[in-house]
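Descriptive structure summary
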Amino acid sequence: MSRQGEELVRIDSVEGTGCVVRGDDIDTDRIIPARFMKVVTFDDMGRHAFEDARKAAKGKHPLDDERFSNAEILIVGQNFGCGSSREHAPQALMRFGFRAFIGGSFAEIFAGNCTSLGLPCVTLDESDLTKLMDAVELDPTQSIRIDLEARTVTSRAGEMQAGIPDGVRHQLLEGTWDATRVLLEAGDAIERTAAALPYIG
Amino acid sequence: MTHRPRSLFQKVWEAHRVRELDSGQTQLLIGTHLIHEVTSPQAFAMLRELGLPVRFPERTFATVDHIIPTDDQSRPLSDELAEAMMSELERNCREYGIRFFGPETGAQGIVHVIGPELGLTQPGMTIACGDSHTSTHGAFGAIAFGIGTSQVRDVLASQCLAIAPLKVRRIEVTGELQPGVYAKDVILAIIRELGVNGGTGYAYEYAGPVIDAMSMEERMTVCNMSIEGGARCGYVNPDEKTVEYLRGRRFAPDDARFEARAAEWLAMASDPDAPYDDVVRIDGSTIEPSVTWGIHPGHNLGISESIPTPAETPEDERAGVEEALEYMDFVAGTSIAGTPIDVAFIGSCTNGRISDLREAARIARTGHVRKGVRALVVPGSAAVQKEAEAEGLDEIFRAAGFEWREPGCSMCLAMNPDKLRGREVCASSSNRNFKGRQGSPSGRTLLMSPAMVAAAALAGEVVDVRKIG
Ligand code: SF4
């Protein structure tokens, strides 16, 4: 995959089936145990998403539930992604196949790391979140649509108001969530700035 | 033309600004990029995925420090994962044309020790590295940021960071330090005073007679722990000491250009009437040898003081103090002096330089490591190791019962085999006393100066170094 020279990737919506992982304060250690820090690429990280929790659940973890296979939207509780700032956590979930998160709330650094990967994290108020979780567990085949333009989450449970910080929403809608791409747009200005520095130029 | 007084931070920022971004951040050029084996491999992998080259390969420099064993560094490394990480770094450097200071070059070491040593770190630069203690390089009047893996990718691809401007707080340390009080004690006192989050949104400018009197290595110790005070970076204005330190270093400007560059370096210093967002004064003459008793670097006290009681603690810190007391299993209100230790660790990017080892050796030669205490000396770099051995410091340490190791991060974060076991208490010259930091999930760390660590190793308990040397 080469994105160099291609168009900005604007993300105005994500649509797909959901997977529900209940529980609050799920930290990055649980999402990807610390021992997987000792690796050289993120490639394999998807396999290890929630590894310890899944082992403990002996196949009963939602990520191993067949009804949720191919889900692209992960639905979680409060304060998801708290703890260490490791970027391995969103990488693991993205490589497992998730493209967006719906939750009660998200830890700030986790959400920031998600944005830089183009993975929207949107919040619902508590009663809506419960309704959505119940509905998806009852019928996992239904499609869920996160609309960033309209700030809504739509499913069989109805249309709900979704929260997302203005700045992040703007970055996703404008396609400027990818910092590398934005920085490269400066073009020759980078070389010009470098050339003016006595220790480089 | 009217003169607009500026701080060093502002001068460096303006010289490196490429453009303002819509997000409100600045696109800042990074002059020198340092990488190591832990946070770079994924960044290279992302670069490959994007099909992007490294924009300025000659401005990135690599070494291996975090995972490298300090007993036997022969290849392949016995830990397969460590070997994989190291080989991957070698491959990336080869493929992208990046200079790699591996063990065979004689220039390997902790990234924040070798940067200054090689003369890569210079006044007026912007520096970035995928490691939070990058603030160390600020000792030279550089603006140096610790960054995450996707920012490592950004710098590799564009030599830039997207970063919001910072406020500047000038911290003046006045008076004169008492004998037995070191740079480590100064920064611990600053963090204690301003808090572990007190620096959020700030660059710290360290100044005043105490900082002026410090050697470059001492200034590095202070700047190193800026991040532990929540500051994004910390720096000291360049002066004649900075210039003399850099003269003749491998990557310093050559003789023909040196004087002219040195004049430019000195001109980067903050103007006398520079504006600051905040100014704090700390009386250096009242600082004692300091020791941490809890689970973050702000949990520290002077050696003559007692461990705080939750009741005396301001309400917003009380829960933290209770949690720390429970984890450490220390009794509130008792003296920290006399706390028995199991392990002594001298090393790290905070205190693994030659002057640190000299001070520790000065104490070590007065006795022998207490029976039952495991004591490790890990030089911060191959160059430090060589210099120490030339001075016979290794012999002094060995004779006193310390282990003399190969250079690396070692027990600072225990990603290599050097780890605490169980509930062991470690007197450590490193920078973080977080729960589990030194490799055992229940291990306990007491941060202090290298001389204090050496003294604790001999006594088998925390002691006041002033009573020894
Ligand atoms: S010595 Fe410790 S703090 Fe310094 S770079 Fe190594 S692991 Fe990080």
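Nothing here was measured: the structure is a model prediction, and the numbers come from that model.

Quick notes on the state of the cysteines
All names here are of chain A. Evaluated as defined, the whole model comprises zero disulfides over all chains. Here C82 is not disulfide-linked; the sulfur of C114 is the nearest cysteine sulfur, at 13 Å. Since its relative accessible area comes to 15%, C82 is described here as buried.

Concerning the domain arrangement of chain B
Residue and element names in this part refer to chain B. Partitioning chain B into domains gives domain 1 (8-163), domain 2 (167-238 + 258-286) and domain 3 (291-467). Put simply, the middle of domain 2 and the middle of domain 3, counted by C-alpha atoms, are 23 Å apart. Interface area for domain 2 against domain 3, summed over the two sides, is near 1700 Å², with a carbon-plus-sulfur share of 51%. Per-residue buried area on domain 2 facing domain 3 is highest for Y182, K184 and R192; these three make up 33% of the total on that side. Here domain 2 is connected to domain 3 by two salt bridges.

A few points about the site of the ligand
The environment of the ligand is made up of B:H66, B:I110, B:H112, B:D131, B:H133, B:S348, B:C349, B:C409, B:C412, B:L413, B:N431 and B:R437. Residues that form the shell around the ligand fall into these classes: five nonpolar, five polar and two charged.

Overview of the nonpolar core
B:F145, B:F397 and B:F402 are the most contacted members of the largest nonpolar core, which has 100 residues in total. Looking at this core, the element that brings in the most residues is helix α16 (residues 450-459) of chain B, giving eight residues. Filtering out sequence-adjacent residues up to four positions away, B:F397 remains in contact with B:L357, B:A360, B:A361, B:A364, B:V377, B:F402 and B:W404. Of all hydrophobic cores here, the second largest spans 53 residues; its members include A:V76, A:I102, A:C114 and A:I164.

Looking at the sheet that holds strand β19 (residues 444-447) of chain B
The strands making up a sheet associate through backbone hydrogen bonding, with each pair oriented either parallel or antiparallel. One open sheet accounts for five strands, arranged β17-β16-β15-β18-β19 (chain B); its pairing is parallel. The open sheet is flanked by β17 (403-404) and β19 of chain B, the only strands paired with a single partner.

A closer look at the pairing of β19(B)
Residue and element names in this part refer to chain B. With burial as the criterion, each face of β19 is covered, one bearing R444 and L446 and the other bearing T445 and L447. Relative to β19, strand β18 (residues 425-428) runs parallel, the two being bridged by four bridges. Each residue of the ladder has a partner; that of V425, found in β19, is R444.

Re the sheet that holds strand β3 (residues 73-75) of chain A
Residues and elements named next belong to chain A. What the four strands build is an open sheet, ordered β2-β3-β4-β5; its pairing is parallel. Of all the strands in the sheet, just β2 (18-20) and β5 (121-123) have a single pairing partner and so form its edges. Neighbouring strand axes in the sheet, compared pairwise and without regard to direction, differ in orientation by 20° on average. In this structure, β3 lies alongside strand β4 (residues 100-103), joined through three bridges in parallel fashion. Within the sheet, the bridge partner assigned to I73 lies in β4 and is A100.

Brief notes about the packing of helix α2 (residues 41-50) of chain B against helix α3 (residues 80-96) of chain B
Residue and element names in this part refer to chain B. In the contact formed by α2 and α3, the axes pass within 10 Å of each other and the chain directions differ by 45°. Viewed along their axes, α2 and α3 adopt a mutual orientation that is oblique. The crossing of α2 and α3 is left-handed. In this structure, α2 uses P41, F44, L47 and R48 to contact α3, whose residues at the interface are E88, R91, N92, E95 and Y96.

Notes on the side chain of B:S429
Residues and elements named next belong to chain B. Relative to the elements of secondary structure, S429 occurs in the loop between β18 and β19. Of the residues examined, S429 reaches a relative accessible area of 0% and is grouped as buried. Among all residues touching S429, those that are not within four sequence positions of it are K184, F345, I346, G347, S348, T350, N351, M448, P450 and V453.

Details of the packing of helix α3 (residues 88-96) of chain A against helix α4 (residues 108-115) of chain A
Residues and elements named next belong to chain A. Running from N to C, α3 and α4 cross one another at 50°; their axes reach a closest spacing of 9 Å. By the angle class used here, α3 and α4 are oblique. Crossing of α3 against α4: the hand is right-handed. Mapping the contact onto sequence places A89, P90 and L93 in α3 and F110, N113 and C114 in α4. For the contact of α3 with α4, a count of residues per class yields five nonpolar, one polar and no charged.

Some points on α3(B)
Residue and element names in this part refer to chain B. An ideal rise of 1.5 Å per residue puts 24 Å on 17 residues; α3 measures up with 24 Å between its terminal C-alpha atoms. For α3, every residue scored as buried is listed here: A82, E83, M85, M86, E88, L89, E90, N92, C93 and Y96. Check the buried side of α3 and you find it contacts β3 (32-35), α2, β4 (60-63) and β5 (99-101). The distance from a side-chain oxygen at the start of α3 to the backbone nitrogen of L81 is 2.9 Å, and the residue carrying that oxygen is D79. One or two residues past the end of α3 sits G97, with phi positive at roughly 70°.

Focus: the pattern of salt bridges
Residue and element names in this part refer to chain B. Following the criterion strictly, the structure yields 47 salt bridges over all chains and no others. The residue R75 makes a salt bridge to E83 at a minimum N-O spacing of 2.9 Å. In this structure R75 comes out as partly exposed when scored by relative accessible area, which is 36%. Residue class for E83 comes out buried when judged on its relative accessible area of 14%. The partner of E264 in a salt bridge is R261, with the nearest N and O atoms 2.5 Å apart. Of this pair, E264 and R261 are both found in helix α10 (residues 255-267), three residues apart, which corresponds to roughly one turn of the helix. Overlapping salt bridges, with partners in common, bring together R48, E88, R91 and E95 in one network.

With respect to the side chain of A:H48
All names here are of chain A. With respect to the secondary-structure elements, H48 resides in the loop between α1 (28-31) and α2 (51-56). One polar contact links H48 to E51, side chain to side chain, over a distance of 2.6 Å. Among all residues touching H48, those that are not within four sequence positions of it are I31, I32, P33 and F36.

Remarks on α4(A)
Every buried residue of α4(A) is accounted for by A:F110, A:N113, A:C114 and A:T115. At its buried positions, α4(A) is contacted by α1, α3, β4, β5 and α6 (166-174) of chain A.

Cut-offs used in this document
Residues numbered from 1 in each chain as written. Chains lettered and ligands numbered in written order. Predicted model: local features only at pLDDT ≥ 70, side-chain atom pairs only at ≥ 80, totals over all residues. Heavy atoms only, no water. Disulfide = S-S within 2.5 Å. Buried < 20%, exposed > 50% of the residue type's maximum accessible area, 1.4 Å probe, protein only. Domains from an automatic or database assignment. Buried area = accessible area lost by both parts, 1.4 Å probe. Salt bridge = Lys/Arg side-chain N within 4 Å of Asp/Glu carboxyl O. Near = heavy atom within 4 Å. Nonpolar A, V, L, I, M, F, W, Y, C, P; charged D, E, K, R; others polar. Core = buried A, V, L, I, M, F, W, Y, C linked by side-chain atoms within 4.5 Å. Helix = DSSP H or I, 4+ residues; strand = E, 2+ residues; numbered from the N terminus. Contact = heavy atoms within 4.5 Å. Pairing = 2+ DSSP bridges. Axes fitted to C-alpha atoms, helices over the stretch in contact; angles between N-to-C directions. Parallel < 35°, antiparallel > 145°, perpendicular 65-115°, else oblique. Left-handed = near helix turned anticlockwise from the far one by under 90°. Expected span 1.5 Å × (residues − 1). Polar contact = N/O pair within 3.5 Å; in protein donor to acceptor, adjacent residues only side chain to side chain.

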